[in-house]
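These are the residues of each chain, in order.
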Amino acid sequence: MISEEIEKLEKEVWKDFQKIENLYHLEDFRIKYLGKKGKINWYLKQLKDFSLEEKKKLGSILNQIKEELETKLKLKEREILLKEEDKDIGLDLTLPGRIFPLGTLHPITKIIEELCEIFLKLGFEIITGPEIETEYYNFTALNIPDWHPARDMQATFYLKNGALLRTHTSPMQIRAMLERTPPLRIIAPGKVYRCDADIRHSPMFHQLEGLMVDKDVNFSDLKGILIYFAKETFGEIKVRFRPSYFPFTEPSLEMDIECVMCKGRGCKVCGNAGWLEILGAGMVHPEVFKSVNYDINMWQGFAFGLGIERIAMIKYGIDDIRIFFENHLIFLESFK
Ligand code: DAH
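Note that this is a predicted model, so its numbers are computed, not measured. Along each chain, residues carry numbers from 1 onward, in the same order as the chain's sequence is written. Where local features are concerned, this predicted model is filtered to residues with pLDDT of at least 70; where side-chain atom pairs are given and counted, the filter is 80 or more; whole-chain, interface and lining totals use all residues. Side-chain descriptors were evaluated using all non-hydrogen atoms of the structure, hydrogens and water having been removed beforehand.

## Description of the overall build of the protein
Stage number 1. Helix and strand content of the protein: 13 helices and nine strands.
Stage number 2. Here the C-alpha atoms of the protein give a radius of gyration of 40 Å, more than 25% beyond the 20 Å that 2.2 N^0.38 yields for 336 residues.
Stage number 3. The principal-axis extents of the C-alpha atoms in the protein amount to approximately 120 × 45 × 40 Å.
Stage number 4. The buried label goes to any residue with under 20% of its type's maximum accessible area, the exposed label to any with over 50%, and the partly exposed label to all in between, with areas taken from a 1.4 Å probe on protein chains only. For the protein, the proportion of its 336 residues judged to be buried stands at 42%.
Stage number 5. Whether two residues are in contact is decided by their heavy atoms, any of which lying within 4.5 Å being enough. Of the contacts formed within the protein by residues at least 6 apart in sequence, a portion of 66% connects residues at least 24 apart.
Stage number 6. Carbon and sulfur atoms make up 54% of the accessible area of the protein, which totals about 19,800 Å².
Stage number 7. A positive count includes Lys and Arg, and a negative count includes Asp and Glu. His and the chain ends are not counted in either. By convention, the point assigned to a charge is CZ for Arg, NZ for Lys, CD for Glu and CG for Asp. Looking at the protein, you have 47 positive and 52 negative side-chain charges, and the mean spots of the two groups are 5 Å apart. The helix and strand labels rest on DSSP assignments: H or I over at least four residues marks a helix, E over at least two residues marks a strand, and numbering proceeds from the N terminus. Radius of gyration: C-alpha atoms only; globule rule: 2.2 Å multiplied by the number of residues to the exponent 0.38. For the area figures, the Shrake-Rupley method with a 1.4 Å probe applies, and any residue is considered shielded solely by the protein chains shown.

## Remarks on the sheet that holds strand β4 (residues 184-193)
Stage number 1. Pairing between two strands requires that DSSP report at least two bridges joining them. With respect to topology, seven strands assemble into an open sheet ordered β1-β4-β5-β9-β8-β7-β6, the strand pairing being mixed. Strands at the two margins of the open sheet, each flanked by one partner only, are β1 (125-126) and β6 (239-246).
Stage number 2. When β1 meets β4, the two strands line up parallel, connected through two bridges. Across the sheet, I126 pairs through a bridge with I187, a residue of β4.
Stage number 3. Packing against the sheet, helix α5 (residues 107-121) makes contact with β1, β4, β5 (204-214) and β9 (300-307), and its axis sits at approximately 5° to β5.
Stage number 4. Axis definition: a line fitted to C-alpha atoms, over the contacting stretch in the case of helices. Angles run 0 to 180 degrees between N-to-C directions. Relative to β4, helix α8 (residues 171-179) is tilted by about 140°, and along the sheet it contacts β4, β5 and β9.

## Brief notes about the domain arrangement of the protein
Stage number 1. As assigned here, the protein comprises domain 1 (2-89) and domain 2 (107-333).
Stage number 2. Look at where the C-alpha atoms of domain 1 and domain 2 centre, and you get two points 83 Å apart. Where each domain begins and ends is defined by an automated method or by a domain database.

## A few points about the pairing of β4
Stage number 1. Of all ten residues making up β4, eight are buried, and the element is well covered by its neighbours.
Stage number 2. Pairing analysis gives ten bridges linking β4 to β5, with the strands arranged antiparallel. Across the sheet, residue A188 finds its bridge partner in β5, namely E209.

## A short note on unusual backbone geometry
Stage number 1. Going from P182 to P183, the amide bond is cis rather than trans, its omega being 5°.
Stage number 2. For P183, the position within the fold is in the loop between α8 and β4.
Stage number 3. The peptide bond linking E250 to P251 adopts the cis configuration, its omega dihedral lying at -5°.
Stage number 4. For P251, the position within the fold is in strand β7 (residues 249-258).
Stage number 5. Positive phi values are uncommon outside glycine, yet K263 reaches one of about 55°.
Stage number 6. Along the chain, K263 falls in the loop between β7 and β8 (275-284).
Stage number 7. The class for K263 is exposed, based on a relative accessible area of 52%.
Stage number 8. The phi dihedral of N327 is positive, around 55°, even though this residue is not glycine.
Stage number 9. Note on placement: N327 falls in the loop between α12 (323-326) and α13 (329-333).

## Brief notes about the site of the ligand
Stage number 1. Taken together, 16 residues sit near the ligand, with H168, S170, R194, Q207 and E209 positioned nearest.
Stage number 2. Pairing of N or O atoms within 3.5 Å defines a polar contact, subject to two protein rules: one partner must be a possible hydrogen donor and the other a possible acceptor, and residues neighboring in sequence count only if both atoms are side-chain atoms. Interatomic distance of 3.0 Å between a side-chain N/O atom of Q173 and an oxygen atom of the ligand.
Stage number 3. The separation between an oxygen atom of the ligand and a polar side-chain atom of E209 is 2.6 Å.
Stage number 4. Contributing elements (two or more residues each) for the shell around the ligand: β5, β8 and β9.
Stage number 5. All amino acids are sorted into three groups, where Ala, Val, Leu, Ile, Met, Phe, Trp, Tyr, Cys and Pro are nonpolar, Asp, Glu, Lys and Arg are charged, and the leftover types, Gly among them, are polar. When its residues are assigned to classes, the shell around the ligand shows five nonpolar, nine polar and two charged. Distances are taken per atom, and a residue is near a molecule or strand as soon as one of its heavy atoms is within 4 Å of it.

## A short note on the side chain of T156
Stage number 1. In this structure, T156 sits in the loop between α7 (150-153) and β3 (163-165).
Stage number 2. In this structure T156 comes out as buried when scored by relative accessible area, which is 15%.
Stage number 3. In this structure T156 touches F139, R151, L164, L165 and T167, once residues within four positions along its chain are discounted.

Now the structure itself:
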């Protein structure tokens, strides 16, 4: 009886289905039962000699098996594919998760950000400018004419056509004053270049320039701001001011902090002085105001400039500047 045979076929189909383990089995199975010449089609073809009633009944049973089989085969195929994928990437759910190391800010970037933060609180605005400068901005406008010996103080990298790599961030004073009208308060962090290389000097390093211009800014405002800056950066620390000379400020000063290593007793780091020099500053020279057409009877200002690496070296107790640019991971990761 054909109906019994179909019943047997159904059982056989599901038993065989259980045995499918991979895509080869699956394909064989599909051909065997669902293919054009497969078992289900074979039985469907046999029905043509049966009565209409039987055709309907048996036909619908066979088609039902066919449909169910098609859906189940699709699911089975996905299941197998997923398993194979897992095998491909060697998935082992018991392994611990992978650690993806995160980068960190470079210590110099960190210090720049910290310093900017301090001056932002004091109402200074951050500006940046070109590292390739002209002699005019780098020297002349800062009251350092051609013949001036101060040009030799800073071993300059000259480029073609009178261009140069800026030797300090002070040209940003000129740029800031030409771009805006006073009163103004700016800081300009950035890279500077000097032909110099040893454990204390790198041919490329960073400075931060500060400039404030207003109607009655005076020397004690400058001192107040510098003391505030030193305390914010190094904590409670003794500072001292020494008279100094820069062509673009008059009077000029240098600020020292008590040596962080020996607390002023004298050691190798401070060369037995007990003090560490951290910046230069002064009242803007009238010649500088003249070069930007600021009325020297109306405006006064102060400027300061500091070396970022120097601050970082003091803060972190580093004695070789080159380590900042060698970028060894062990060094960089210690600032995490
Ligand atoms: N430009 C100076 C240098 O690189 C540092 C400096 C000193 C900047 C005094 C200033 C300043 O603005 O007032 O050595």
